[in-house]
Amino acid sequence: MTDIKQNKIKVFIVDDHQAVREGLRSYLTRHLLAVVGEASDAPEAIRKAKKLAPDIIILDVNLPSMNGWEAARSLRRLVPRSRIIAFSIHSSEEYVARMARSGARGYVMKSQPTGELLEAIRQVFQGGRYFPAGMNDSSFAKGHKPSAKKSPPENPGRKPSLSTRRKGGLIKKTPQKT
């Protein structure tokens, strides 16, 4: 008989709010995922990620010491087998595109039902991508200009997005080999 723990998806949570980390840990473990660790900022995440070797890193876009796209690039270099899902209050196309260009395989807004994050984890773990509706690979190209929405500041801090949340579902791409 195989050990069930060996088959669990290993998740690492990076968010500067303890209540968010605790809530995610509780929710994910109830859904049979293994939360192998957590960090409250990018330097802590970078220190812990290599040792923990998670399958999935849930990464807040707004961290106190480094923005999410810089953290994503660092984590991708350090743990290239780990897949990153951005988890953010921001819904603007520019935030999503920056995170995708930095190596995130998914993007879930914190205003969405928690089940969306669970679905994103499963989809990304299987080699797919998980992004908001209306976003596609051309939206992530470096020269792409987002549709008349304010670009995120270089260091976003805690300022909320000025754009409104897009209505509709999510893009769920079929798994691809990377």
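Report follows, based on the coordinates.

Reading guide: rules and limits
- Residues numbered from 1 in each chain as written.
- Predicted model: local features only at pLDDT ≥ 70, side-chain atom pairs only at ≥ 80, totals over all residues.
- Heavy atoms only, no water.
- Helix = DSSP H or I, 4+ residues; strand = E, 2+ residues; numbered from the N terminus.
- Buried < 20%, exposed > 50% of the residue type's maximum accessible area, 1.4 Å probe, protein only.
- Contact = heavy atoms within 4.5 Å.
- Areas by Shrake-Rupley, 256 points an atom, 1.4 Å probe, with all protein chains shown as cover.
- Pairing = 2+ DSSP bridges.
- Right-handed = clockwise from strand over helix to strand, strands pointing away.
- Arc of directions from axis to C-beta.
- Polar contact = N/O pair within 3.5 Å; in protein donor to acceptor, adjacent residues only side chain to side chain.

## Description of the overall build of the protein
Right, so step 1: Across its full length, the protein holds five helices and seven strands.
Right, so step 2: Starting at the N terminus, the α and β elements of the protein follow one another as β-α-β-α-β-α-β-α-β-α-β-β.
Right, so step 3: Looking at the protein as a whole, 47% of its 178 residues qualify as buried.
Right, so step 4: Of the contacts formed within the protein by residues at least 6 apart in sequence, a portion of 71% connects residues at least 24 apart.
Right, so step 5: In the form shown here, the protein has an accessible surface area of approximately 9,200 Å², with 52% of it arising from carbon and sulfur atoms.

## Describing the pairing of strand 1 (residues 10-14)
Right, so step 1: Counting buried positions along strand 1 gives four out of five residues, so the element sits mostly inside the fold.
Right, so step 2: Relative to strand 2 (residues 34-39), strand 1 runs parallel, the two sharing five bridges. From the neighbouring strand, Ile-13 faces strand 2, where its bridge partner is Glu-38.
Right, so step 3: Traced from strand 1 through helix 1 (residues 18-30) to strand 2, the parallel crossover comes out right-handed.
Right, so step 4: Note: strand 1 against strand 3 (residues 56-60), four bridges, orientation parallel. Among the inter-strand pairings, Ile-13 is bridged to a residue of strand 3, identified as Ile-58.

## What to know about unusual backbone geometry
Right, so step 1: Even without being glycine, Leu-32 reaches a positive phi, approximately 60 degrees.
Right, so step 2: Of note in this structure, Ala-53 is not a glycine but carries a positive phi near 45 degrees.
Right, so step 3: Tracing the sequence through the fold places Ala-53 in the loop between helix 2 (42-52) and strand 3.
Right, so step 4: For Ala-53, a relative accessible area of 37% translates into the label partly exposed.

## As for helix 4 (residues 93-101)
Right, so step 1: Along helix 4, eight of the nine residues are buried, which leaves the element largely enclosed by surrounding structure.
Right, so step 2: Burial in helix 4 covers these residues: Glu-93, Glu-94, Tyr-95, Val-96, Ala-97, Arg-98, Met-99 and Ala-100.
Right, so step 3: Immediately downstream of helix 4, the backbone of Gly-103 shows phi near 110 degrees, a positive value.

## So, helix 2
Right, so step 1: Taken together, the buried positions of helix 2 are Ala-42, Glu-44, Ala-45 and Ala-49. The arc enclosing the buried residues of helix 2, seen along the axis, measures out at 140 degrees, which places them on a common side. Among the exposed residues of helix 2, those oriented more than 90 degrees off its buried face are Arg-47, Lys-50 and Lys-51.
Right, so step 2: If you follow the buried residues of helix 2, they end up packed against strand 1, strand 2 and helix 3 (68-78).
Right, so step 3: For helix 2, the side-chain oxygen to backbone nitrogen distance between the N-cap and Glu-44 is 2.9 Å, and the N-cap itself is Asp-41.

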